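Here are the chains, one letter per residue:
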Amino acid sequence: MTDSATTPRPSSPLATAQAQLADAVQILGYDEGMHRMLATPRREMNVAVPLRRDTGEIELFTGYRVQHNISRGPGKGGLRYSASVDPDEVRALAMWMTWKCAVVDVPYGGAKGGVTIDPRLYSLAELERVTRRYTSEIMPIIGPERDIMAPDIGTNEQTMAWIMDTYSVNLGYTIPAVTTGKPLTVGGSLGRPTATSRGVVHAAEAALGDAGVRLDEVSVAVQGFGKVGAPAARILAESGARVVAVSDEHGGVRSSDGLDVPALLRHVADGGAVHEFEGGEPVDNAELLSLDVDVLIPAAVEGVIDADTARQVKARWVVEGANGPTTTRGDEVLAERGVVVVPDILANAGGVVVSYFEWVQANQAYWWTENEIAERLEHRMLASYRAVASLASAEGVSLRDAALTIGVRRVAEAHKIRGLYP
């Protein structure tokens, strides 16, 4: 399938996403027409986002919202603030969200948004103005029945509260279900901040279990000590795993005896840098990926495991906490070397599962307990893993191909059942 309007750069996340889809389409035997429908975003909006800075100067940013597919329900996907945001990245992330929602069987389609801004360079008041203006610009295509945002890189629960308030003020009444990942005081859900991390741990434990291995028997390295990686490291340590290395964008720290993760979390909470933690030796991000560990969790950004990096990976399991951390060629190399990859559209789906729970609670104005949420998350993640692993075993394919096959098939079936209008 080729289309000059949607042909991505060869090294972009979109190229990886499209290659993955092509593999699933081939396995499923779909024709070119279905392939193009599944590959092409349903709707895209690019908007200008002007900002009056605290100094009075004006800056202009570009914002994006892509709704890749809404055949199974409203769009669902995060909002990213990063200097590297571009249309291809947002399209890829929206596509992955489509398959992710389908794999864990939540009634959403895939969407994603972004603003090309480095949030570290702007004040809280400036970020609020950017958020409110971006929300106002894309209001025609968002809403609790249309497209629901959540936090991503560079955004947080405060960002979601600003979006919810802006949307609500414009409509004249409070609408908590327009975003997820909000603070509890304005309709957020218990368990949401750590949901993605807990989902990663559930997926890792299930994959290890298939080999008769327990969490308390393995060593783990986590690349990305942020919203996903930091809680995942804590939960893994609490479960008995030996977390021997973690890193963020500036570098990391390692200890063959296992890091004191609670002490590291306190160090970072007090403003310390990960690589300056005194409880271990410095390690850079490239070196971390090649450490001799049992489980590697890439939980940072896309494309960190390419063909060259994959040849250096010594882990037996790679559990993808980030979206798209492994390129197409990297995936092939890992498969050739016998590394088990638990793919992102399954491993990091805990966030969207609990986002779905938050949306349901907000629509009903009835709130669940933390135990109820934890139990339902674990059940959904383990059931989804079992379905993927069973298909992979039956068909002799990788977990990624099995997950993509399940996700793509569910979306395609929705297309077929709904039919084409007119």
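A few points on the structure. (Residues numbered from 1 in each chain as written. Predicted model: local features only at pLDDT ≥ 70, side-chain atom pairs only at ≥ 80, totals over all residues. Heavy atoms only, no water.)

Examining the sheet that holds strand β3 (residues 75-82)
No. 1: Pairing is mixed in the open sheet, where five strands are placed in the order β1-β2-β4-β3-β5. The open sheet has two free edges, formed respectively by β1 (43-52) and β5 (147-151), since each of these has just one partner strand. Strand-to-strand twist across the sheet, computed as the mean angle between neighbouring axes with direction ignored, equals 20 degrees.
No. 2: Direction of pairing for β3 relative to strand β4 (residues 109-116): parallel, over a ladder of six bridges. Across the sheet, Gly-75 pairs through a bridge with Gly-109, a residue of β4.
No. 3: Against the sheet, helix α4 (residues 124-138) touches β1, β2 (58-69), β3, β4 and β5, its axis set at about 145 degrees to β1.
No. 4: Where helix α5 (residues 157-171) meets the sheet, it contacts β3 and β5, and its direction lies at approximately 150 degrees from that of β5. (Pairing = 2+ DSSP bridges. Helix = DSSP H or I, 4+ residues; strand = E, 2+ residues; numbered from the N terminus. Axes fitted to C-alpha atoms, helices over the stretch in contact; angles between N-to-C directions. Contact = heavy atoms within 4.5 Å.)

Considerations on the nonpolar core
No. 1: The biggest cluster of nonpolar side chains holds 66 residues, and the ones touching the most others in it are Leu-38, Trp-99, Val-246 and Ile-297.
No. 2: No other element matches the eight residues that helix α15 (residues 399-418) contributes to this core.
No. 3: In this structure, Val-47, Leu-51, Met-139 and Ile-142 belong to the second largest nonpolar core, which totals 24 residues. (Core = buried A, V, L, I, M, F, W, Y, C linked by side-chain atoms within 4.5 Å. Buried < 20%, exposed > 50% of the residue type's maximum accessible area, 1.4 Å probe, protein only.)

Concerning the sheet that holds strand β7 (residues 242-248)
No. 1: Read from one edge to the other, the open sheet built from seven strands follows the order β9-β8-β7-β6-β10-β11-β12, with strand pairing classed as mixed. Edge strands, defined here as strands with exactly one partner in the open sheet, are β9 (281-283) and β12 (340-342). Strand-to-strand twist of the sheet, defined as the mean angle between neighbouring strand axes without regard to direction, takes the value 20 degrees.
No. 2: Summarising the sheet, strand β11 (residues 317-319) and β12 pair through three bridges and their orientation is parallel. Directly across from Val-319, in β12, lies its bridge partner Val-342.
No. 3: Helix α6 (residues 195-210) contacts β10 (295-298), β11 and β12 of the sheet and is inclined by roughly 155 degrees relative to β11.

Digging into the pairing of β5
No. 1: Counting buried residues in β5 gives four out of five residues, a clear majority hidden from the surface.
No. 2: Relative to β5, β3 runs parallel, the two sharing five bridges. The partner of Gly-75 across the bridge, within β5, is Asp-147.

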